[in-house]
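Coordinate inspection notes
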Amino acid sequence: MSDGETGATDPEGDHPSPADAFATWAVSEPVPLDRAALSIAAHCRPEGVDEAAALAELDRLGAAVREPTPNAVVELLFDDEGFGPNRGRFADPANSYLDLVVSRRLGIPITLAVVTIEVARRAGVVLHGVGMPGHFLVGTPAPEIFIDAFDGRFIDHAGAVEMFTRFEPRQPFDASFLQPTPPGGILLRMLNNLRTLHIRQPDAPSLVAVLELLTRLPGCPLDEFMRLGQALATLGRPDEGARTLEAAAERFGGSDAEHLNNAAVRLWAQLN
């Protein structure tokens, strides 16, 4: 059965919203990285996402890998199929939406890594994310060999250290930076990238959409709920922001709950 044939429907057969689907996928075991990443795009893009088409293309690519090896995956994606970096428009949100990365063959390190991991999985090759600060990599079965999906090439440990030093010159390298990043951590980093982008290039509706997903993740910190409440107020929806903060207060309890409820009171005051 194609990966694209499975769905996040509830036992009664209803179709959840993209945000509900994301929340379900994010706590699944194992996490279906492709489905969860597509749910991000579906929630954050008002024009909609053809998830079935994106999954079918990932299926096609997986079937086209000539042999179950990392080399064959890299050769197919970056030589034959032309996947590569969107260097000219690195800050384009489209680079973070898996369906567009698959269709346009352009992305940033983390989304190109997701394509690589998911195509490899379909071909019987186990790869994993490596959330090195500054530049996301793909880990291979060989502990000291990584794929830089941004440039479609293999690098060794020394190459990874050199790359880290180039992107993060003020931070000392730590061996833990090259440890596997679980799918949940990949989703979190994708959302953090989008959040940072929409804060730097102010876009309140898009920021709200991203924060709505971030706050659905287990262990989401209080600050993200505060950002969501304020972003909703910026859109002229302080009542929704206040209710969001009040719900978060019930989730956190203690002094955090007091902090959230006080912020909610300030938002309610905007309606008076």
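Residues numbered from 1 in each chain as written. Predicted model: local features only at pLDDT ≥ 70, side-chain atom pairs only at ≥ 80, totals over all residues. Heavy atoms only, no water.

The next subject is helix α9 (residues 204–214). Most of α9 is tucked away: eight of the eleven residues are buried. By the burial criterion, the buried members of α9 are S206, L207, V208, A209, V210, L211, L213 and L214. (Buried < 20%, exposed > 50% of the residue type's maximum accessible area, 1.4 Å probe, protein only. Helix = DSSP H or I, 4+ residues; strand = E, 2+ residues; numbered from the N terminus.)

Secondary-structure assignment places E168 in the loop between α7 (157–167) and α8 (183–200). On the basis of relative accessible area, E168 is assigned to the partly exposed category, the value being 26%. Residues contacting E168, with those up to four places away along its chain left out, are P133 and G134. (Contact = heavy atoms within 4.5 Å.)

Turning our eyes to something else, we now look at the side chain of S96. Of note, S96 is situated in the loop between β1 (84–85) and α5 (98–104). Among all residues touching S96, those that are not within four sequence positions of it are I108, T111, M190 and L194.

Applying the stated criterion to the full structure yields zero disulfides. The thiol of C44 is not disulfide-bonded; the next cysteine sulfur, from C220, is found 14 Å away. Owing to a relative accessible area of 8%, C44 belongs among the buried residues under this scheme. (Disulfide = S-S within 2.5 Å.)

All chains considered together, the criterion is met by 23 salt bridges. Residues D34 and R121 are paired through a salt bridge, measuring 3.3 Å at the closest nitrogen-oxygen approach. Here D34 is found in helix α2 (residues 33–44), whereas its partner R121 is found in helix α6 (residues 109–122), with 87 residues between them in sequence. Owing to a relative accessible area of 2%, D34 belongs among the buried residues under this scheme. (Salt bridge = Lys/Arg side-chain N within 4 Å of Asp/Glu carboxyl O.)

Bringing the sheet that holds strand β5 (residues 145–148) into the picture now. Note on sheets: strands pair through backbone hydrogen bonds, and any given pair is parallel or antiparallel. Ordered by their spatial adjacency, four strands build an open sheet running β3-β4-β5-β6, and the pairing between neighbours is antiparallel. The sheet is open, and its two edges are formed by β3 (128–130) and β6 (153–156), each paired on a single side. Between one strand axis and the next, the sheet turns through 40° on average, direction left out of account. In terms of strand pairing, β5 meets β6 through four bridges, oriented antiparallel. Within the sheet, the bridge partner assigned to F146 lies in β6 and is I155. (Pairing = 2+ DSSP bridges. Axes fitted to C-alpha atoms, helices over the stretch in contact; angles between N-to-C directions.)

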